[in-house]
Structure formats: structure tokens, C-alpha cells
Amino acid sequence: MRLHVALSPAEFAGLGLSGRTAVVVDVMRATTTVVAACAAGCRRVIPVADAAAARAHLRASGLPPGETLLAGERGGDPIAGFDLGNSPLEYTPERVRGRTLLLTTTNGTAAMLAARGAAATAVAALTNVDAVARWVRARGRDATVLCAGAQGGFSLEDAVCAGILVERIVAGAGRDGRSVEVSDAAVAARRLGAHYAGRLGLLLEDSTWARTLARAGRAADLAACLALSTVDEVPVFDDGAIVPGRVTNRADGLR
């Protein structure tokens, strides 16, 4: 297996994901929110480019009011007229169970849309990184991690999460007697992951976006985003939507 990490969206266009496994990471907050929504029992999450696309999709769906919810943010703030923002704490079973979510965010959903050409695609955050590592190993294909970044550039927290994921994949493959070839970018992410894994709280100071969210009163969101491997949920792409899935056996992949 070969592993690569795309450390910023600038790399997405040239990735060539056909035949590969892809994993999308946007720790603060889009992928953490998708993991929370799927763990809370939503029916599916449909990533869309912007608010206009979300509203158009809702009109075209013909579904009864309340069955499909508009969700997301721009610049960290909720979108006027939407049902939900981008805080993982909003996505409770009472709010989202059984519902379809039309999601658009500043960075995360663009990365999700970019990953659709892969043979299999999952959504990862710090909260489910161990489960996603098992899922990637179970697929057995070469894999690429797409870091959503910030405004087209590098994001520290996404690289850290990708690096922790790479470490978990490599360690698990080693236990199984399988070799993994890691790209230079994946090595760099792995080193960052090793530095922060046991002290994720440092990201509150070191991450530009974490400091921005803290100033906006989003400390509770940050705590939720920096929780490590708290769920076994592995959201996966299925026909243009992201659907819930769980690793039911810690030695196996997704069922």
C-alpha cells in the first residue's frame, strides 16, 4: 500500500484518485460535524458547493418540509435561513436522526467534492481517526488523504489529523505483516501528528483557525473537535452522498 497526504487544496486537481482510497479531513469543523451527524443517525449528508446549490437541491428534492435540512457556514458563521450551522454540537439525534443534510462549508465540502473520483472515500476527523485507519487498511488500496486546509492553503490541525491517521495505518499494517510506502508529504504529516498526538490542546494556541474560533466564542466546538478517537463511525461516500457506517469489529473494516 502507498500513502500520500495532500497538505493543501492546491494539490487536489492533480491527485489522480481513480482506483485509490480517499480520506477527507477538515478537523475544525466540517468533517468533525459530518462524523457527529452520522453518529447521531442522520440518513445522509450531501455536500454541495454553496448556499445557492443547497437551496436548489432542496427545491428539486420535492421532500416534505423538515425531512431535509440546510446546514453549513461561511467564514465560520451560520448561513442566514439555514437550519443548522457547522458546530458538531448541533447535530444531535433529536435534530438530525433520519434526515438528509445538505451541507456547504468554506473549506470542507470543497474537499469532499474533490474526493468523489476515488474508488472509495471516507470522512475523517480526530474523533474517528482510529476507525478510519482500520477502514483504510481493510480496503487494501493505495490511499490519499485530502486536507481541506484554509482558504486554499495549509491548515495545521488538518495536517496533524492526517499524520495521526498515517501513523495508525502504518502501525496496523505492520502488525499485519504488510508494508506501506509513505510519500514525503505523508512523512511530514506523520511527524506533525507524532508531535501533537499526546498534546492536542497545543493546537488551541498553535492553530490560526482555532484561535479565530476561540475569539468567536466557539470553545465548546474546539473541545469537541480535539477529542481523539471517541467514536467508531466512518462516514463513506455512496452515490454522491455521505452515509453513516460503523466499524463493527475492531480487527475488520467497515460493514
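Above this text you will find the structure in question.
First things first, this report covers the structure right here in the doc. The numbering scheme is per chain: residues are counted from 1 as the chain's sequence reads. Restriction of local features to residues with pLDDT of at least 70 applies here, the model being predicted, together with a cutoff of 80 or more for giving and counting side-chain atom pairs; totals for whole chains, interfaces and linings are based on all residues. Excluded from the side-chain calculations are hydrogens and water; all other atoms, namely the structure's heavy atoms, are used.

A short note on helix 1 (residues 30-39)
Part 1 of the argument: Only protein chains enter the accessibility calculation, which uses a 1.4 Å probe; a residue is then buried when its area is under 20% of its type maximum, exposed when over 50%, and partly exposed in between. In this text, helices come from DSSP runs of H or I with a minimum length of four residues, and strands from runs of E with a minimum of two, each type numbered from the N-terminal end. In terms of residue burial, helix 1 counts as a mostly covered element, since 8 of its 10 residues are buried.
Part 2 of the argument: Along helix 1, the positions that sit buried rather than exposed are Ala30, Thr31, Thr32, Thr33, Val34, Val35, Ala37 and Cys38.

Considerations on the packing of helix 5 (residues 129-139) against helix 6 (residues 156-175)
Part 1 of the argument: Look at helix 5 against helix 6: their axes get within 9 Å of each other, and the N-to-C directions meet at 50°. Taken together, the axes of helix 5 and helix 6 are oblique relative to one another. At the point where helix 5 passes helix 6, the crossing takes the right-handed sense. Where helix 5 abuts helix 6, its residues Val129, Asp130, Val132, Ala133, Val136 and Arg137 lie against Cys161, Ile164, Leu165, Arg168, Ile169, Gly172, Ala173 and Arg175. Comment: axis = line fitted to C-alpha atoms, over the contacting stretch for helices; angle = value between 0 and 180 degrees taken between N-to-C directions. Each angle gets one of four labels, with under 35 degrees taken as roughly parallel, over 145 as roughly antiparallel, 65 to 115 as roughly perpendicular, and the rest as oblique. Less than a right angle of anticlockwise turn of the near helix away from the far helix marks a crossing as left-handed, whereas a clockwise turn marks it as right-handed. Contacts are assigned to residue pairs with any non-hydrogen atoms lying within 4.5 Å of each other.

Some thoughts on the state of the cysteines
Part 1 of the argument: Count a disulfide wherever a pair of cysteine sulfur atoms falls within 2.5 Å. Overall, the coordinates contain 0 disulfides when judged by the stated rule.
Part 2 of the argument: Left unpaired, Cys42 is separated from the closest cysteine sulfur, that of Cys38, by 4.1 Å.

As for the pairing of strand 2 (residues 21-25)
Part 1 of the argument: Buried residues dominate strand 2, accounting for 5 of its 5 residues.
Part 2 of the argument: In strand 2, alternate side chains face the same way, and those of Thr21, Val23 and Val25 on one face and Ala22 and Val24 on the other are all buried.
Part 3 of the argument: When DSSP finds two or more bridges between two strands, those strands count as paired. Looking at chain direction, strand 2 and strand 7 (residues 120-124) are connected through 5 bridges and run parallel. Along strand 7, the bridge assignment pairs Ala22 with Thr121.
Part 4 of the argument: Bridging between strand 2 and strand 8 (residues 143-147) involves 5 bridges; their strand directions are parallel. Pairing of Val25 across the sheet is with Cys147, part of strand 8.

Here we look at the pattern of salt bridges
Part 1 of the argument: One speaks of a salt bridge when a side-chain nitrogen belonging to Lys or Arg is within 4 Å of a carboxyl oxygen belonging to Asp or Glu. Applying the stated criterion across every chain yields a total of 8 salt bridges.
Part 2 of the argument: Between Arg20 and Asp142 there is a salt bridge, with the nearest N and O atoms lying 3.9 Å from each other. Here Arg20 is found in the loop between strand 1 (2-6) and strand 2, whereas its partner Asp142 is found in the loop between helix 5 and strand 8, with 122 residues between them in sequence. Taken individually, Arg20 and Asp142 each receive the classification buried, so the pair is uniform in this respect.
Part 3 of the argument: Shared partners join several salt bridges into a network, and the residues in it are Arg2, Arg20 and Asp142.

A look at the pairing of strand 6 (residues 100-104)
Walk down a regular strand and you will see the side chains alternate between the two sheet faces.
Part 1 of the argument: With 5 of its 5 residues buried, strand 6 lies for the most part within the structure.
Part 2 of the argument: Side chains of strand 6 alternate between two faces, with Thr100, Leu102 and Thr104 and Leu101 and Leu103 buried alike.
Part 3 of the argument: Where strand 4 (residues 68-74) meets strand 6, 5 bridges bridge the pair, whose relative direction is parallel. Looking at strand 6, one finds that Leu70 is bridged to Leu102.

What about the environment of Arg59?
Part 1 of the argument: With respect to the element layout, Arg59 can be found in helix 2 (residues 51-61).
Part 2 of the argument: Note on Arg59: relative accessible area 64%, which makes it exposed.
Part 3 of the argument: Put simply, Arg59 and Val23 are 36 residues apart on the chain and 30 Å apart in space, counted from C-alpha to C-alpha.

Remarks on unusual backbone geometry
Part 1 of the argument: A cis amide bond links Met28 to the next residue, Arg29, at an omega of 20°.
Part 2 of the argument: By secondary structure assignment, the location of Arg29 is in the loop between strand 2 and helix 1.
Part 3 of the argument: Here Gln151, not a glycine, exhibits a phi torsion of approximately 50°, which is positive.
Part 4 of the argument: For Gln151, the location among the structural elements is in the loop between strand 8 and helix 6.
Part 5 of the argument: Classification of Gln151 as exposed rests on a relative accessible area of 67%.
Part 6 of the argument: Even without glycine at this site, Ser229 takes up a positive phi of about 50°.
Part 7 of the argument: Within the element layout of this structure, Ser229 appears in the loop between helix 10 (219-225) and strand 10 (236-238).
Part 8 of the argument: Ser229 gets classed as partly exposed once you look at its relative accessible area, which sits at 26%.

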